[in-house]
Amino acid sequence: MTAAVEPGGQLTVGGLRLVDLAEQFGTPLFVYDEEHLRARCAEAVEAWGDGVAYATKAFLCRAMAQLAHQEGMCLDVSTGGELHVALRAGVAPERLVLHGNNKSAAELARAIEVGVGRIIVDSFDEIDRLRVLSVEAPAPPKVLVRVTPGVEAHTHEFVRTGHEDTKFGFSIASGAAWRAVEELRSLTGVDLAGIHAHIGSQVFDVSSFEQAAEILGRFFSPLGLDELCVGGGLGVAYVNGESAPSQAEWAEAVRAACRAEGVAPTTRITAEPGRSIVAGAAITLYRVGTVKALTDLRTYVAVDGGMSDNPRPVLYGSGYEAFLPREANAERPLGVRVVGKHCETGDIVVPEAWLPSDLAIGDILATPVTGAYGYSMASNYNKVPRPPVLFVADGRARVVVRGETLDDLLRLDT
Ligand code: LLP
């Protein structure tokens, strides 16, 4: 959001030159535009109301948890690990929503003990665990039932969740969702507050959300419950030519579909965006190390990161753009494949990238829109240390996650 190009062509974010940040903090480097993060959170709260939760799986560290909390969002945590980070960031427990298709008894007990705001119940086995655990609960935990509306979201099959053949939630069509509602209603130790669904991620088509909301609305209306959460999934533009709906368009489409199905106007309708809050806020900086030009085949440009800091290309075939922040508006006539430094052919950063023809060894290369599911899915493959994460704003950079050292690679060895 604060990206600007100086007269000489240098790209700045948060008032700082990206090339200078790479020199100062090293590469690879994740740079997040703090204003952009805050604006996306505010937009989500404006569109959905203050029950809207940031899905922390997209990117989580204490600074991010604090930022989303300050901007008025709840936080969706899907494991005991995410719960721990959010609590240690100082997020009020009642602003947390716990997810997971296989929550352990320990995870549930911790959530109940600290008093998380909502637990999203995913299976009959979890209901059995809640039956036991709620006996000791300081107060009955508020729960939502996760249902599957049977909708095929138009997205990658690995991130589709709304269809029947899924490990998540209770099927509406089979009657399992209804049975889960009945079982939870009969449990005195829990407070059944509503229904939840999540149809998938990186969804561009508002009609998929509408379709799901119609089925959900039809199921929800007669139950007399107060809350309906439609999950996350709003798509994000990664490459030139893509465009995504806004939070407001998404919320309006969902609300209209719910109204048409008789959902009461007083119902708290919420969502859990992850990617759409953080993806566009960050850029990854790499340094070019080798260029291998193969006559009549292609040119490989290798950078000093790869599948350990961004596994999305290898996992989902995801596309990114690449450019040189030293001259952000330069023509990009050179077709290359940007690859990482890992010992695999699949270690691709950008399969078909276009770069300026004066590309040189030592150049800083940037891939934008890496704020979601990049750092959060980063690994130490090939014992590559994870990069640092910066938040930049108003001409200042702060390291919110330090880069790993070589000794960090040994810290768990006994
Ligand atoms: N709520 C639930 C229950 C979810 O499972 C997810 C994402 C979200 C919310 C947030 O969805 P978002 O708004 O971020 O699309 N690693 C994959 C994405 C996996 C999404 C998993 N669940 C990727 O890099 O594309």
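Residues numbered from 1 in each chain as written. Predicted model: local features only at pLDDT ≥ 70, side-chain atom pairs only at ≥ 80, totals over all residues. Heavy atoms only, no water.

1. So, the overall build of the protein chain
Across its full length, the protein chain carries 11 helices and 20 strands. Whereas a compact globule of 414 residues would reach a radius of gyration of roughly 22 Å, the protein chain reaches 22 Å, a difference of no more than 12%. With the C-alpha coordinates aligned to their principal axes, the bounding extent of the protein chain is approximately 70 × 50 × 40 Å. Among the 414 residues that make up the protein chain, the fraction classed as buried is 55%. For the protein chain, the computed accessible surface area is about 17400 Å², with 51% contributed by carbon and sulfur atoms. For the protein chain, the centre of its 37 positive side-chain charges and the centre of its 53 negative side-chain charges are spaced 3 Å apart. (Helix = DSSP H or I, 4+ residues; strand = E, 2+ residues; numbered from the N terminus. Rg over C-alpha atoms; globule rule 2.2 N^0.38 Å. Buried < 20%, exposed > 50% of the residue type's maximum accessible area, 1.4 Å probe, protein only. Areas by Shrake-Rupley, 256 points an atom, 1.4 Å probe, with all protein chains shown as cover. Lys, Arg positive; Asp, Glu negative; His and termini not counted. Charge placed at Lys NZ, Arg CZ, Asp CG, Glu CD.)

2. Focus: the environment of Trp-48
Its place among the elements puts Trp-48 in helix α2 (residues 34-48). Residue Trp-48 is classed as buried on the basis of its relative accessible area of 6%. When the C-alpha positions of Trp-48 and Thr-270 are compared, they lie 5.7 Å apart, and in sequence the two are 222 residues distant. The contact partners of Trp-48, leaving out residues within four places of it in the chain, are Val-230, Gln-247, Trp-250, Ala-251, Val-254, Arg-255, Ile-269, Thr-270 and Ala-271. (Contact = heavy atoms within 4.5 Å.)

3. Some points on helix α3 (residues 62-70)
Those residues of α3 that fall on the buried side of the exposure criterion are Ala-63, Met-64, Ala-65, Leu-67 and Ala-68. Gly-72 sits one or two positions beyond α3 and adopts a positive phi of about 95°.

4. Regarding the pairing of strand β4 (residues 29-33)
Within β4, five of the five residues are buried, which leaves the element mostly enclosed by the surrounding structure. The alternating pattern of β4 places Leu-29, Val-31 and Asp-33 on one face and Phe-30 and Tyr-32 on the opposite face, and all of these are buried. As paired strands, β4 and strand β14 (residues 282-293) are joined by four bridges and run antiparallel to one another. Bridge pairing in β14 links Tyr-32 to Ala-282. Bridging between β4 and strand β19 (residues 389-393) involves four bridges; their strand directions are parallel. Paired with Val-31 across the two strands is Leu-390, which belongs to β19. (Pairing = 2+ DSSP bridges.)

5. Concerning the site of the ligand
In the region of the ligand, 19 residues are neighbours, and Ser-201, Glu-272, Arg-275, Arg-312 and Tyr-373 sit closest. Lys-57 places a polar side-chain atom, nitrogen or oxygen, 3.3 Å from an oxygen atom of the ligand. Within the backbone of Gly-274, one N or O atom sits 2.9 Å away from an oxygen atom of the ligand. Bound to the protein, the ligand loses 90% of the 580 Å² it would expose on its own. Grouping the constituent residues of the shell around the ligand by class yields six nonpolar, seven polar and six charged. When residues of the shell around the ligand are sorted by domain, at least three fall in each of domain 1 (4-31 + 280-410) and domain 2 (34-278). (Near = heavy atom within 4 Å. Polar contact = N/O pair within 3.5 Å; in protein donor to acceptor, adjacent residues only side chain to side chain. Nonpolar A, V, L, I, M, F, W, Y, C, P; charged D, E, K, R; others polar. Domains from an automatic or database assignment.)

6. Some details on unusual backbone geometry
Thr-27 connects to Pro-28 through a cis peptide bond whose omega is -10°. Summarising the element assignment, Pro-28 is placed in the loop between α1 (18-25) and β4. Of note, the phi angle at Gln-202 is positive, near 55°, even though the residue is not glycine. By the element assignment, Gln-202 lies in the loop between β11 (191-196) and α8 (206-220). Judged by its relative accessible area of 13%, Gln-202 is buried.

7. Concerning the state of the cysteines
Tallied over the full model, the rule gives zero disulfides. In this structure Cys-41 is not part of a disulfide, and its nearest cysteine sulfur, from Cys-74, lies 12 Å away. (Disulfide = S-S within 2.5 Å.)

8. Description of the pairing of strand β15 (residues 299-303)
The buried fraction of β15 amounts to four of the five residues, a majority that puts the element mostly inside the structure. Both β14 and β15 contribute to a ladder of five bridges, which runs antiparallel. Across the sheet, residue Lys-292 finds its bridge partner in β15, namely Tyr-300. Remark: five residues form the turn of the hairpin made by β14 and β15, two consecutive strands paired antiparallel; Asp-296 in that turn has positive phi of roughly 65°.

9. Here's the deal with the side chain of Asp-122
Structurally, Asp-122 can be placed in the loop between β8 (118-121) and α6 (124-133). One buried charged side chain, Asp-122, makes no salt bridge at all; its nearest oppositely charged neighbour is Arg-146, positioned 4.0 Å away. (Salt bridge = Lys/Arg side-chain N within 4 Å of Asp/Glu carboxyl O.)

10. Points about the domain arrangement of the protein chain
As assigned here, the protein chain comprises domain 1 (4-31 + 280-410) and domain 2 (34-278). In this structure, domain 1 and domain 2 have C-alpha centres spaced 32 Å apart. With 24 residues of domain 1 at the contact, the number on the domain 2 side is 21 residues. Across the domain 1 to domain 2 interface the summed buried area is about 2000 Å²; carbon plus sulfur atoms make up 60%. Summed over the three residues of domain 1 that lose the most area to domain 2, namely Tyr-316, Tyr-373 and Phe-391, the buried surface amounts to 28% of that side. Taken together, the links from domain 1 to domain 2 amount to one salt bridge. As a salt-bridge pair, Glu-34 and Arg-398 come within 3.4 Å of each other at their nearest N and O atoms. Between domain 1 and domain 2 we count eight residue pairs in polar contact (both at pLDDT 80 or more) in total. Secondary structure elements with two or more residues in the side of domain 1 that touches domain 2: α11 (312-316), β19 and β20 (396-401). (Buried area = accessible area lost by both parts, 1.4 Å probe.)

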